[in-house]
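Coordinate inspection notes
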Amino acid sequence: MLPPFNAVQAFNDLDHVLRIEELYLLQRVAQKITSILDLETLLDQIVADVAATFGYNRLAILLKDDRTGELVVAAGWTGQHVAEPPRSKVDIPLQIRGELIGSFNFEHMETNAFSPERIRLLEALAGHVATAIANARMFERERVEKERMTKELEEACAIQSGLFPVKAPEAAGFELNGVCTPCREVGGDWFDYIRLGDGRLAVVLADVSGKGMGAALLMSSTRSALRLHSARGLSPREILFELNKFLVQDFPASKFVTLVYVVLDPAGRTMTFASAGHLPPLYVDMSGAQFLKADSGLPLGIMECEFSEHEIAMPAGSRVFLYSDGVTEAINSAQEEYGPERMLKHVSERPATVQSLLDDVAKFTCGYPASDDVTVVMIGAAT
């Protein structure tokens with residue numbers, strides 16, 4: 001036998017179910033704040049969820065247009081269309097830190113459809129919606145800014161790549177090969193080949209202090225100035241002296257460039273070089289390998305100073321390696337440096353090339369990420 005129907009209990013049970021549904025709605029909207037960051041998708045889902053929960057005839061989210069200040073429908077849902085106007089309507093402001101950003105509009109065909117309790121719930125819901133809108137807008141701004149920065153970085157990378165030689169030029173009696181691998185998208189290492197006339201060829205390797213975009217900009221400035229001075233037919237030490245005067249005035253404080261400038265003379269099969277604080281060239285011939293002991297002036301851009309130059313013979317089969325500190329200071333997972341001794345050993349035990357040296361460094365680091373640009377140029381005297 002069924003128990004007698006209790007209308008009061010049934011009403012209380014229904015009210016309890018509705019309150020649970022309302023709490024679930026608030027919970028779902030709160031979750032959307034962090035799970036959905038596309039503004040259009042977010043608003044459409046919130047409107048659909050609220051409509052399904054409460055069964056309102058019409059509801060919409062309106063957002064303020066920043067240009068006109070007017071409220072514009074951003075998302076809306078309409079149930080069954082009816083000719084007569086709604087008998088109940090509520091507009092709840094959407095605010096962030098006291099600033100009006102929009103309105104949440106609810107309409108119902110019944111009279112007095114919004115109780116004080118329901119309005120308080122909708123106000124709480126509007127608070128969540130306003131937060132979700134602010135988060136979505138912030139995400140969109142960050143996305144647009146990230147895309148802009150990525151595009152600019154790609155353009156900078158393409159421009160810098162264009163500053164490096166596509167291939168080594170032909171130089172009578174010499175074979176050249178160079179590789180530069182930035183540790184970021186762009187970097188401060190740079191190498192170049194410059195024809196000087198009379199068959200002579202300049203080879204340059206430089207390392208600007210710092211990394212990333214700032215170093216790349218300073219590298220570009222240094223390259224342009226060096227090429228202008230090289231066209232004057234100056235000697236290596238004169239080139240460094242004139243370039244340094246320019247960079248002392250042009251470079252920001254605490255920034256500098258180490259650079260080695262080499263002139264190859266096919267007629268005499270000689271190499272003349274001057275160094276501005278750069279690592280010593282590594283010379284290899286039939287008798288073995290050695291770092292060239294030579295006076296090295298200050299890095300460029302610090303203060304005006306004099307530079308010295310040195311000439312060495314390049315007999316057939318001899319080679320010279322120019323390199324940046326990204327080679328010797330490459331570290332492995334144990335924080336050990338590759339170091340000049342390993343480099344010396346590598347070129348002494350085999351007919352080393354640029355690629356074999358880079359492979360030896362990679363084998364030593366064993367996948368540990370590079371912290372500096374890596375550049376190597378090899379000058380070989382043809383047999």
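Residues numbered from 1 in each chain as written. Predicted model: local features only at pLDDT ≥ 70, side-chain atom pairs only at ≥ 80, totals over all residues. Heavy atoms only, no water.

Let's talk about the nonpolar core
L259, M271 and I379 are the most contacted members of the largest nonpolar core, which totals 50 residues. Setting aside residues no more than four positions away along its own chain, I379 makes contact with F174, E175, L176, V203, V262, L264, M271, M314, S318, R319, V320 and L322. (Core = buried A, V, L, I, M, F, W, Y, C linked by side-chain atoms within 4.5 Å. Buried < 20%, exposed > 50% of the residue type's maximum accessible area, 1.4 Å probe, protein only. Contact = heavy atoms within 4.5 Å.)

Thoughts on the packing of helix α4 (residues 212–230) against helix α5 (residues 236–250)
It is at 10 Å that the axes of α4 and α5 come closest, and there the two elements cross at 140 degrees. Crossing hand, α4 versus α5: right-handed. Only I239, E242, L243, F246, L247 and D250 of α5 make contact with α4, whose side of the interface consists of S221, T222, A225, L226, H229 and S230. Considering only residue class, the contact of α4 with α5 consists of six nonpolar, four polar and two charged. (Axes fitted to C-alpha atoms, helices over the stretch in contact; angles between N-to-C directions. Helix = DSSP H or I, 4+ residues; strand = E, 2+ residues; numbered from the N terminus. Left-handed = near helix turned anticlockwise from the far one by under 90°. Nonpolar A, V, L, I, M, F, W, Y, C, P; charged D, E, K, R; others polar.)

Quick look at the pattern of salt bridges
This structure, assessed with the given rule, holds ten salt bridges. Across the pair D192 and R223 runs a salt bridge whose closest N-O atoms are separated by 3.9 Å. One end of the pair, D192, is in strand β6 (residues 189–197); the other, R223, is in helix α4, and 31 residues separate them in sequence. Comparing D192 with R223, the two get one shared label, buried. The shortest N-O distance in the salt bridge between R227 and D192 comes to 2.8 Å. Of this pair, R227 sits in helix α4 while D192 sits in strand β6; the two residues are 35 residues apart in sequence, bridging distant segments of the chain. What makes R227 partly exposed here is its relative accessible area of 31%. One network of salt bridges, in which partners are shared, links E140, R143 and E147. (Salt bridge = Lys/Arg side-chain N within 4 Å of Asp/Glu carboxyl O.)

Focus: the sheet that holds strand β7 (residues 200–208)
Pairing is antiparallel in the open sheet, where five strands are placed in the order β6-β7-β8-β9-β12. Of all strands in the sheet, those with a lone pairing partner are β6 and β12 (309–313), marking the two edges. Neighbouring strand axes in the sheet, compared pairwise and without regard to direction, differ in orientation by 20 degrees on average. Direction of pairing for β6 relative to β7: antiparallel, over a ladder of eight bridges. Looking across to β7, one finds that Y193 is bridged to V203. Each of β6, β7 and β8 (257–265) touches α4; the most contacted strand, β6, lies at about 10 degrees to it. (Pairing = 2+ DSSP bridges.)

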